[in-house]
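Structural features, examined
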Amino acid sequence: MSNEKRQPHEKSTKAVEGLHPPIEPVEGNNSQEAVAIDERPSEMALSEKLKSLEADNKSLQDRLLRALAETENVRRRAERDVSDARQYAVTQFAGDMTRVADNLARAISSIPEEIRRDKGPVRTLIEGVELTEKELLRTLEKHGVTKLDPAGEAFDPNFHEAMFETEDPSVPRGTVTMVVEPGYAIGTRPLRPAKVAVSRGGPPRSSQS
């Protein structure tokens, strides 16, 4: 009975062993090492790659510098536009106020000298009008508006309007000899040109005049 029981066990053992073929020894990885060596980039390829990266870096630096310069230009233009807007926003209002100043000046200039010497109420009224004109001009100057009274200065067509010429050999040619009506400027721009008389006689003006 013991022999019959062992025989089926031996057969099953052999059958199981047949399912697992013997493992053969693995040879060395020489072929894989050869492929890895072949795949390493050559020194020339590395040099070309480095040159390409350097060129890309230089291009990016140039683009960055241009972008920074353009940003700075935009900032300066914006600051200038804001400054101009603040300075010239009152142009229309200033033009209207200059006519008020003209009327005050005309009122003062029309008063006879003998009345000016009077120490009564009229004198007080005259002084009040003069103070009002001065305060108005100070207020205009505070907002960038200046009065142009160019008597004795060189004629400037940007700020002066020549009404007529005069013969005056005592002054160089092109000198403003009389101001018919004062002008006004706002910032560096003319608000209203001064109406003047210009000398056409005398020696020419020097470059330092």
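Above this note sits the structure.
Just so you know, these numbers come straight off a predicted model, no measurement behind them. (Residues numbered from 1 in each chain as written. Predicted model: local features only at pLDDT ≥ 70, side-chain atom pairs only at ≥ 80, totals over all residues. Heavy atoms only, no water.)

With that out of the way, let us pick up the nonpolar core. Of all hydrophobic cores here, the largest spans 10 residues; its members are Tyr-88, Ala-94, Ala-101, Leu-104, Leu-136, Leu-137, Leu-140, Val-145, Tyr-184 and Ile-186. Leave out the neighbours within four places in its chain, and Leu-140 touches Met-97 and Val-145. (Core = buried A, V, L, I, M, F, W, Y, C linked by side-chain atoms within 4.5 Å. Buried < 20%, exposed > 50% of the residue type's maximum accessible area, 1.4 Å probe, protein only. Contact = heavy atoms within 4.5 Å.)

Take the pairing of strand 4 (residues 183–186) next. Of the two faces of strand 4, both are covered, the one formed by Gly-183 and Ala-185 as well as the one formed by Tyr-184 and Ile-186. In this sheet, strand 4 lies alongside strand 1 (residues 145–148) in antiparallel orientation, the contact comprising 4 bridges. Bridging across to strand 4, Leu-148 finds its partner in Gly-183. Where strand 4 meets strand 5 (residues 189–192), 3 bridges bridge the pair, whose relative direction is antiparallel. Across the sheet, residue Ile-186 finds its bridge partner in strand 5, namely Arg-189. In textbook terms, the turn of a hairpin is the stretch between consecutive antiparallel strands, and for strand 4 and strand 5 this stretch comprises 2 residues, one of which, Gly-187, has a positive phi near 65°. (Helix = DSSP H or I, 4+ residues; strand = E, 2+ residues; numbered from the N terminus. Pairing = 2+ DSSP bridges.)

With that settled, the discussion passes to the sheet that holds strand 6 (residues 194–199). Pairing is mixed in the open sheet, where 3 strands are placed in the order 2-6-3. A strand with exactly one partner marks an edge of an open sheet, and here the two such strands are strand 2 (160–166) and strand 3 (176–181). Here the strands of the sheet are splayed against their neighbours by 30° on average, with no regard to which way each runs. Where strand 3 and strand 6 come together, 4 bridges link them in antiparallel fashion. In the sheet register, Val-176 faces strand 6, and the bridge partner there is Val-198. (Axes fitted to C-alpha atoms, helices over the stretch in contact; angles between N-to-C directions.)

Right, let's get into the packing of helix 4 (residues 91–109) against helix 6 (residues 121–142). It is the contact of helix 4 with helix 6, at a shortest axis distance of 10 Å, that shows an interaxial angle of 155°. If you check the angle between helix 4 and helix 6, you find them roughly antiparallel. You can see that helix 4 and helix 6 cross each other, and the crossing is left-handed. Residue-level contacts link Met-97, Val-100, Ala-101, Leu-104, Ala-105 and Ile-108 of helix 4 to Val-129, Glu-130, Thr-132, Glu-133, Leu-136, Leu-137 and Leu-140 of helix 6. Within the contact of helix 4 with helix 6, the residues separate by chemical class into 10 nonpolar, 1 polar and 2 charged. (Parallel < 35°, antiparallel > 145°, perpendicular 65-115°, else oblique. Left-handed = near helix turned anticlockwise from the far one by under 90°. Nonpolar A, V, L, I, M, F, W, Y, C, P; charged D, E, K, R; others polar.)

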